[in-house]
Amino acid sequence: MAKWTTTDIPDQSGRIAVVTGANSGLGFETATALAAKGTYVVLAVRNLDKGKAAADRITAATPDARVELQHLDLGSLDGVRTAAAEIKANHPRIDLLINNAGVMYPPKQTTTDGFELQFGTNHLGHFALTGLLLDTLAPVPGSRVVTVSSVGHRIRAAIHFDDLNFEHGYSRLAAYGQSKLANLLFTYELQRRLAAAGQATIAVAAHPGGANTELGRHLPAVIEVPAMKLFSQPAAMGALPTLRAATDPGVTGGQYYGPDGLAGLRGHPKPVSSSKQSHDPELARRLWQVSEDLTGVRYLD
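Residues numbered from 1 in each chain as written. Predicted model: local features only at pLDDT ≥ 70, side-chain atom pairs only at ≥ 80, totals over all residues. Heavy atoms only, no water.

A.B. asks: Explain the pairing of strand β6 (residues 202–206) here, please?
C.D. replies: Put simply, side chains in a regular strand alternate between the two faces of the sheet. β6 sits mainly inside the fold: 5 of its 5 residues count as buried. Residues I202, V204 and A206 of β6 are buried on one face, and the alternating residues A203 and A205, pointing to the opposite face, are buried as well. As paired strands, strand β5 (residues 144–148) and β6 are joined by 5 bridges and run parallel to one another. Bridge pairing in β6 places V146 opposite V204. Handedness of the crossover joining β5 and β6 through helix α5 (residues 172–196) is recorded here as right-handed. Here 2 bridges tie β6 to strand β9 (residues 256–259), and the two strands are oriented parallel to one another. Across the sheet, the residue bridging to A206 is Y257, located in β9. (Buried < 20%, exposed > 50% of the residue type's maximum accessible area, 1.4 Å probe, protein only. Helix = DSSP H or I, 4+ residues; strand = E, 2+ residues; numbered from the N terminus. Pairing = 2+ DSSP bridges. Right-handed = clockwise from strand over helix to strand, strands pointing away.)

Encoded structure:
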């Protein structure tokens, strides 16, 4: 079978996409490819200066690209609410919400609201943003919520309901695994709830494999050795699973896309499997309830 690339993205004229973390790495490549195909892209970023530079690069590559900047701090629930309100005021309908932004393996830190940084940013921030924007997506035929997970959802991954914020011993690896497992549990539970409610929107997940991006700035130095290049790929390749999940007409709700190569770390996008734990509906429902309680954002109950 032919390998899926950006040339397979159908014309996206008339569609509106919100891409979180669109100023660099996977988010930038995702936004660039969508804009080149006619999508009006909202670059939802924490740093507006970097966002402006990204917007300039996109329009330099595609002069007729339509992009707009939106400040979004996923580490602040007040910031998420403000951004969602501004997006809805400017765009009463949205076709794509791409939950891409994230942090990986930082030293122990907390969000503005006191959540462990990786869980608070990667999961809770996107959980809240999705709920706050859902009424702009739900009526739109073909609309999708695409959430970016990771192969890390299999590594020391569990939802530590008794210590979600790792207050009793912090592990960068375990905290990242928890957040990426949460991304998948959220996607599958969101799809179940959307289907039960008869909504047009579908929920899909993707992972980039071993993408070489700024996200890896906290990785151990050993990762930088030349041999590790065999297990990584450029950000443009890492963005392909997200782009396929967002645009391929054959995608169905609840699918998970990732690279087709060695250990899922590099290659072209295809439907892939996720861990047994990620498909546990009881675990997903419990996480959903806790996420509602922690964020104060309730939807599809």
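After that view of the structure, there is still more to cover.
A.B. asks: How do you make sense of the side chain of D248 when you look at a structure like this?
C.D. replies: Relative to the helices and strands, D248 is located in the loop between α7 (240–247) and β9. Apart from residues lying up to four places away in sequence, D248 is in contact with W4, R144 and L243. (Contact = heavy atoms within 4.5 Å.)

A.B. asks: Would you explain the nonpolar core in this entry?
C.D. replies: As a rule of thumb, soluble globular proteins bury nonpolar side chains together. Within the largest apolar cluster, 42 residues are counted, with the highest numbers of intra-cluster contacts made by I159, L190 and Y299. Secondary-structure elements contributing two or more residues to this core are β2 (40–45), α3 (77–90), α4 (117–137), α5 and α8 (281–295). Of the residues forming this core, the biggest block, 8 residues, is contributed by α4. With residues near it in sequence (within four places) discarded, I159 still touches L164, Q178, L181, A182, L185, L283 and L287. Residues W4, F28, I58 and V146 belong to the second largest nonpolar core, which totals 30 residues. (Core = buried A, V, L, I, M, F, W, Y, C linked by side-chain atoms within 4.5 Å.)

A.B. asks: Please explain the confidence of the model for the chain as it appears in this structure.
C.D. replies: When pLDDT drops low, the exact placement of atoms in the prediction is not to be read closely. Per-residue confidence for the chain gives a mean pLDDT of 94, with 93% of residues at or over 70. Low pLDDT, under 50, characterises residues 221–228; the stretch is placed with 2 contacts to residues that sit more than four places away or in other chains. (pLDDT = per-residue confidence, 0-100.)

A.B. asks: What exactly am I supposed to notice about helix α1 (residues 25–36) here?
C.D. replies: In an α-helix there are 3.6 residues to a turn, and that puts residues three or four apart on one side. Between its terminal C-alpha atoms α1 stretches 17 Å, which fits the 16 Å expected from 12 residues at 1.5 Å a residue. By the criterion of burial, α1 is predominantly enclosed, with 9 of the 12 residues buried. Of the positions making up α1, those classed as buried are L26, G27, F28, T30, A31, T32, A33, L34 and A35. (Expected span 1.5 Å × (residues − 1).)

A.B. asks: For this particular structure, what's the right way to read unusual backbone geometry?
C.D. replies: Excluding glycine, residues mostly have negative phi values, and the peptide bonds linking residues are mostly trans. Of note in the backbone geometry, Y105 takes a positive phi value of approximately 55° without being a glycine. Not every positive phi belongs to a glycine, and A263 is a case in point at roughly 55°. Mapped onto the secondary structure, A263 falls in the loop between β9 and β10 (269–271).

A.B. asks: Sorry if this is basic, but what is going on with the packing of α4 against α8 here?
C.D. replies: To characterise two packed helices, one gives the angle between the axes of the helices and the distance between these axes. Relative orientation of the contacting elements α4 and α8 amounts to 85°, with a least axis distance of 10 Å. Considering their axes alone, α4 and α8 lie roughly perpendicular with respect to each other. Each of F119, H123, L124, F127 and A128 in α4 lies in contact with α8, whose residues at this interface are L287, W288, S291, E292, L294 and T295. For the contact of α4 with α8, the class distribution of residues is 7 nonpolar, 3 polar and 1 charged. (Axes fitted to C-alpha atoms, helices over the stretch in contact; angles between N-to-C directions. Parallel < 35°, antiparallel > 145°, perpendicular 65-115°, else oblique. Nonpolar A, V, L, I, M, F, W, Y, C, P; charged D, E, K, R; others polar.)

A.B. asks: Whenever I open this one, the sheet that holds strand β4 (residues 96–99) confuses me. Can you help?
C.D. replies: In a beta sheet, neighbouring strands are held together by backbone hydrogen bonds and run either parallel or antiparallel to one another. Taken in spatial order, the 8 strands of this open sheet run β3-β2-β1-β4-β5-β6-β9-β10, and their pairing is mixed. At either margin of the open sheet sits one strand with a lone partner, and together these are β3 (66–71) and β10. The average undirected angle you get between the axes of adjacent strands in this sheet is 20°. Sheet analysis places strand β1 (residues 16–20) next to β2, joined by 5 bridges and oriented parallel. Residue pairing for β2: V18 is matched across the bridge by V42. Here helix α2 (residues 48–61) sits on the sheet and contacts β2 and β3; the angle it forms with β3, its principal contact strand, is near 175°. Each of β4, β5, β6, β9 and β10 is contacted by α7, which is oriented at about 165° to β5, the strand it contacts most.

A.B. asks: Mind showing me how you'd approach α2 here?
C.D. replies: Compared with an ideal rise of 1.5 Å per residue, which puts 14 residues at 20 Å, α2 spans 20 Å between its outermost C-alpha atoms and is within 8% of the ideal. Those residues of α2 lying buried are G51, A54, A55 and I58. Along α2, the residues classed as buried sweep out an arc of 100° about the axis, all on the same side. Opposite its buried face, α2 presents the exposed residues D49 and A60, each directed more than 90 degrees away. (Arc of directions from axis to C-beta.)

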